[in-house]
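Structural features, examined
The primary structure of each chain is shown beneath.
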Amino acid sequence: MAHGLTEAGMGLASGDVDGDLDLDLLVTNFDDESDTLYVNLGGLSFEDRTVSAGLEAITRLPVGFGTLLADLDHDGDLDWAVANGPHHRQHRAVQRTPRPTPSAACSAPTTDTAASAS
């Protein structure tokens, strides 16, 4: 949930989530940002109802690349589908072994080691 902060919107779907015959918005966001449900109040005003809809915790970790609001199972209710994916921040640590002195050239070769952690 934005709490007044910016979020990195990745996908957008519109549909009548609350049954009042106007279009509400569901926005998927980047990692460590929950998807956000904006309910249309009319007059170009929207209210963030992410927490009350139960979406804050379950959508926080995955990256929501895209989303869809549609009656996918043809039961008359609006269904929500989202395409999630992982985002692994890459951390690279490079460890350099000191260059050997000419007298120790055979016992301590120079190597570069790269390690990746997600």
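Residues numbered from 1 in each chain as written. Predicted model: local features only at pLDDT ≥ 70, side-chain atom pairs only at ≥ 80, totals over all residues. Heavy atoms only, no water.

Overview of the confidence of the model for the chain
Looking at the chain, the pLDDT average stands at 76 and 69% of residues meet or exceed 70. The low-confidence segment residues 90–118 (pLDDT under 50) makes 27 contacts with residues lying over four places distant or belonging to another chain. (pLDDT = per-residue confidence, 0-100. Contact = heavy atoms within 4.5 Å.)

Points about the nonpolar core
Side chains that are nonpolar tend, in soluble globular proteins, to be buried together. Ranked by size, the top nonpolar core spans 6 residues in total: Ala13, Leu26, Leu37, Val39, Leu55 and Leu69. Dropping the residues within four chain positions of it, leucine 55 is found in contact with Leu26, Ser34, Leu37, Thr50 and Trp80. (Core = buried A, V, L, I, M, F, W, Y, C linked by side-chain atoms within 4.5 Å. Buried < 20%, exposed > 50% of the residue type's maximum accessible area, 1.4 Å probe, protein only.)

Concerning the pattern of salt bridges
Tallied over the full model, the rule gives 3 salt bridges. Between aspartate 32 and arginine 60 there is a salt bridge; the shortest N-O distance is 3.5 Å. One end of the pair, aspartate 32, is in the loop between β2 (24–29) and β3 (36–42); the other, arginine 60, is in the loop between β4 (45–48) and β5 (63–70), and 28 residues separate them in sequence. In this structure, glutamate 56 and arginine 60 form a salt bridge, with 2.4 Å as the shortest nitrogen-oxygen distance. (Salt bridge = Lys/Arg side-chain N within 4 Å of Asp/Glu carboxyl O. Helix = DSSP H or I, 4+ residues; strand = E, 2+ residues; numbered from the N terminus.)

A short note on the sheet that holds β2
The 4 strands are arranged β1-β2-β3-β4 in an open sheet whose pairing can be described as antiparallel. A single partner strand is all that each edge strand has here, and the edge strands are β1 (9–15) and β4. In this sheet, neighbouring strand axes are inclined to one another by 25 degrees on average, regardless of whether the strands run parallel or antiparallel. By the bridge criterion, 3 bridges tie β2 to β3 in an arrangement that is antiparallel. When the sheet's bridge partners are listed, leucine 26 is paired in β3 with leucine 37. (Pairing = 2+ DSSP bridges. Axes fitted to C-alpha atoms, helices over the stretch in contact; angles between N-to-C directions.)

Quick word on the environment of serine 14
Tracing the backbone through its elements, the reader meets serine 14 in strand β1. Taking C-alpha positions, serine 14 is 8.9 Å from valine 27, a pair spaced 13 residues apart along the chain. Residues in contact with serine 14, not counting those within four places in the same chain, are Leu23, Asp24, Leu25 and Leu69.

Observations regarding the side chain of glutamate 33
With respect to the helices and strands, glutamate 33 occurs in the loop between β2 and β3. Look at glutamate 33: it is buried, it has no salt bridge, and the nearest opposite charge is arginine 60 at 7.4 Å. Residue contacts for glutamate 33: discarding those within four places in its chain leaves Thr6, Glu7, Ala8, Thr59 and Arg60. (Lys, Arg positive; Asp, Glu negative; His and termini not counted.)

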